[in-house]
Amino acid sequence: MRALIADDQEMLREMFNAILSRAQIQVALAHDLESALTEVASSDPFDLILLDYHMPGMDGLNGVQRALSEGKGAQVALMSGNLPHHVVQDALQMGAVGFVPKKLPARNFEKAIRAMATGQKMDLQDSKAIALLDQPMPDPETRLTSREVLLLQHLNGGESIEEVALELGLKQPTLNFTVMTLCRKFQVQDIAEAVAIAKKDGLI
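All of these numbers come straight from a predicted model, not from anything done at the bench. (Residues numbered from 1 in each chain as written. Predicted model: local features only at pLDDT ≥ 70, side-chain atom pairs only at ≥ 80, totals over all residues. Heavy atoms only, no water.)

### Let's talk about the packing of helix H7 (residues 146–156) against helix H10 (residues 191–200)
A packed helix pair is summarised by two numbers, namely the angle formed by the two axes and the spacing between the axes. The interhelical angle for the contact between H7 and H10, taken along N-to-C directions, is 95°, at an axis separation of 10 Å. On the basis of their axis angle, the class for H7 and H10 is roughly perpendicular. Contact residues: H7 offers Leu152, Leu155 and Asn156, while H10 offers Ile191, Ala194, Val195, Ala198 and Lys199. When its residues are assigned to classes, the contact of H7 with H10 shows six nonpolar, one polar and one charged. (Axes fitted to C-alpha atoms, helices over the stretch in contact; angles between N-to-C directions. Helix = DSSP H or I, 4+ residues; strand = E, 2+ residues; numbered from the N terminus. Parallel < 35°, antiparallel > 145°, perpendicular 65-115°, else oblique. Contact = heavy atoms within 4.5 Å. Nonpolar A, V, L, I, M, F, W, Y, C, P; charged D, E, K, R; others polar.)

Here it is in structure tokens:
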């Protein structure tokens, strides 16, 4: 799993990096929206882009819209010390996957990142949503990341592996690893079988 964390406070960036790196999540860091989008454009696709609502370049929800448009299919979420409820709801309606308060405990932060990266909507201003994070989560081997879902969807649409790689901006080593991971998760030998099972199970 790959996550991009964008926040203008270096101490917080390093803290989030330490939490997620310990959880074996690959992390890239950015200090404002422009540097975040530059990182997206020059890297393999991320599963999740987490944006500080108040950092330079965001311009309110316009920053969310830009990240959704330029994010190569990544899930996009917001974080802040606190945000008005209507701002979070507007972001969710635009297509963002969630909101994370910066005061969230480390154990829940990791779980929230993993859940949002698979497309699960989360408004963690809600105490009930935070309580759900304390429940056992599905085996990470069985969850699909947004990149894996995108790959399956494109293959299901009749595109070749090479065409999907070009469209999603995936480099060959990343593509090979994603295909291998999908085959392992679906316990099959061929990616076509994984696509068929995902379609049958309503995952794509």
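### Remarks on the pairing of strand S2 (residues 26–30)
Across five bridges, strand S1 (residues 2–6) lies against S2 in parallel orientation. In the strand pairing of S2, isoleucine 5 is matched with leucine 29. (Pairing = 2+ DSSP bridges.)

### Regarding the nonpolar core
Counting residues in each nonpolar core, the largest one holds 27 residues, and the members touching the most others are Leu4, Ile49, Leu51 and Leu78. Among residues more than four places away in sequence, those in contact with leucine 78 are Leu50, Leu51, Tyr53, Met58, Leu61, Val64, Leu83, Ala91, Gly98, Phe99 and Val100. Counting residues in hydrophobic clusters, the runner-up holds 23 residues, among them Leu50, Met79, Val97 and Val100. (Core = buried A, V, L, I, M, F, W, Y, C linked by side-chain atoms within 4.5 Å. Buried < 20%, exposed > 50% of the residue type's maximum accessible area, 1.4 Å probe, protein only.)

### Focus on helix H8 (residues 161–168)
Buried within H8 we find Val164, Ala165 and Leu168. For H8, the arc enclosing every buried residue in end-on projection is 100°, short of the 170-degree limit, so these residues lie on one face. Exposed residues on H8 whose side chains face more than 90 degrees from its buried face are Glu162, Leu166 and Glu167. Tucked inside the fold, the buried residues of H8 contact H7 and helix H9 (172–186). (Arc of directions from axis to C-beta.)

### Focus: unusual backbone geometry
The phi dihedral of aspartate 59 is positive, around 50°, even though this residue is not glycine. Looking at where aspartate 59 falls in the secondary structure, it is placed in the loop between strand S3 (48–52) and helix H3 (62–70). Non-glycine residue lysine 72 carries a positive phi angle of around 55°. For lysine 72, the position within the fold is in the loop between H3 and strand S4 (75–80).

### Topic: the packing of H7 against H8
Between H7 and H8, the least distance of the axes is 10 Å, while the angle of their chain directions is 130°. It follows that H7 is oblique to H8 by the angle criterion. Crossing of H7 over H8 shows right-handed handedness. Contact residues: H7 offers Leu150, Leu151, His154 and Leu155, while H8 offers Ile161, Val164, Glu167 and Leu168. Each residue belonging to the contact of H7 with H8 can be placed in one class, and the counts come to six nonpolar, one polar and one charged. (Left-handed = near helix turned anticlockwise from the far one by under 90°.)

### Quick notes on the pairing of S4
For S4, the buried fraction is high: six of the six residues fall into the buried class. The alternating pattern of S4 places Gln75, Ala77 and Met79 and Val76, Leu78 and Ser80 on opposite faces, both of which are buried. The pairing of S3 with S4 spans five bridges and is parallel. Opposite leucine 48, over in S4, you have glutamine 75 as the bridge partner. Read as a crossover between parallel neighbours, the route from S3 over H3 to S4 is right-handed. Sheet topology note: the S4/strand S5 (residues 98–101) ladder contains four bridges and is parallel. Paired with alanine 77 across the strands is glycine 98, a residue of S5. (Right-handed = clockwise from strand over helix to strand, strands pointing away.)

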